[in-house]
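Listed here are the chains, written in short residue letters.
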Amino acid sequence: QETGMPLLTDPDSAFIRTERGVAFAMREGSTRQACLVTMEALQDMRTKYHADALETSEEEVFQARRPEIEAIARAKFDRGDLSDDGMVEVRAADIS
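Residues numbered from 1 in each chain as written. Predicted model: local features only at pLDDT ≥ 70, side-chain atom pairs only at ≥ 80, totals over all residues. Heavy atoms only, no water.

Undergrad: Give a description of the overall build of the protein chain that names residues and reports values.
TA: Each helix and strand in the protein chain was counted, giving two helices and five strands. The C-alpha radius of gyration of the protein chain comes to 13 Å, within 12% of the 12 Å expected for a compact globule of 96 residues. Along the longest, intermediate and shortest principal axes, the C-alpha atoms of the protein chain span 40 × 25 × 20 Å. The buried share of the protein chain, taken over its 96 residues, is 40%. Of the contacts made within the protein chain by residues no fewer than 6 positions apart, 46% connect residues no fewer than 24 positions apart. (Helix = DSSP H or I, 4+ residues; strand = E, 2+ residues; numbered from the N terminus. Rg over C-alpha atoms; globule rule 2.2 N^0.38 Å. Buried < 20%, exposed > 50% of the residue type's maximum accessible area, 1.4 Å probe, protein only. Contact = heavy atoms within 4.5 Å.)

Now the structure itself:
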């Protein structure tokens, strides 16, 4: 599926930790797009980028790496790579 507008950071920039990971929204024009970065992806990022990994929570990793996570989500959205429930899901395999 081809989308007309780019996926952008939601100005509200809220996020919530869930069992599966950290859920956040992005915007395509005035439409909110639900996104999720999995716990496994966040844990991989924590190991890769944070020297004090054990003291860094998944939420802190999300906040520190949000631009990178959103860039991955944007690329997946642009390709039409959505999960069955319509979310953009950033998984460990998506982290380079």
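There is more to say after this.
Undergrad: Account for the side chain of K76, with residues named and values stated.
TA: Within the fold, K76 resides in helix α2 (residues 58–78). Engagement of the side chain of K76 in a polar contact is seen with the side chain of D94, the distance being 2.8 Å. Those residues in contact with K76, other than ones at most four positions away along the chain, are D81, V88, E89, R91 and D94. (Polar contact = N/O pair within 3.5 Å; in protein donor to acceptor, adjacent residues only side chain to side chain.)

Undergrad: Account for the packing of helix α1 (residues 39–49) against α2, with residues named and values stated.
TA: The contact between α1 and α2 brings their axes to 10 Å, and the two run at 85°. It follows that α1 is roughly perpendicular to α2 by the angle criterion. Residues M39, L42, Q43, M45, R46 and Y49 of α1 pack against E58, V61, F62, R65, E68 and I69 of α2. Taken together, the residues of the contact of α1 with α2 break down into seven nonpolar, one polar and four charged. (Axes fitted to C-alpha atoms, helices over the stretch in contact; angles between N-to-C directions. Parallel < 35°, antiparallel > 145°, perpendicular 65-115°, else oblique. Nonpolar A, V, L, I, M, F, W, Y, C, P; charged D, E, K, R; others polar.)

Undergrad: Could you give me a rundown of the pattern of salt bridges, with the residues and numbers involved?
TA: Counting across every chain of the model gives 13 salt bridges. A salt bridge links D10 to R32; the nearest nitrogen and oxygen atoms lie 3.5 Å apart. Of this pair, D10 sits in the loop between β1 (7–9) and β2 (15–17) while R32 sits in strand β4 (residues 31–38), placing them 22 residues apart in sequence. Under the relative-accessibility criterion, D10 is labelled buried at 3%. (Salt bridge = Lys/Arg side-chain N within 4 Å of Asp/Glu carboxyl O.)

Undergrad: Quick rundown of the nonpolar core? Include the residues and the values.
TA: If you look at the biggest cluster of nonpolar residues, it comprises 18 residues, and the most contacted ones within it are F24, V37, L42, F62, I69, A73 and V90. Among the elements of the structure, β3 (21–28), β4, α1, α2 and β5 (88–90) are those that each provide at least two residues to this core. The biggest single contributor to this core is α2, with six residues. Sequence-distant contacts of A73, that is, excluding residues within four places in its chain, are made with L7, F24, M26, C35, V88 and V90. (Core = buried A, V, L, I, M, F, W, Y, C linked by side-chain atoms within 4.5 Å.)

Undergrad: Please give an account of unusual backbone geometry that cites residues and values.
TA: With a phi angle near 50°, S13 is a residue other than glycine that sits in the positive phi range. Mapped onto the fold, S13 is located in the loop between β1 and β2.

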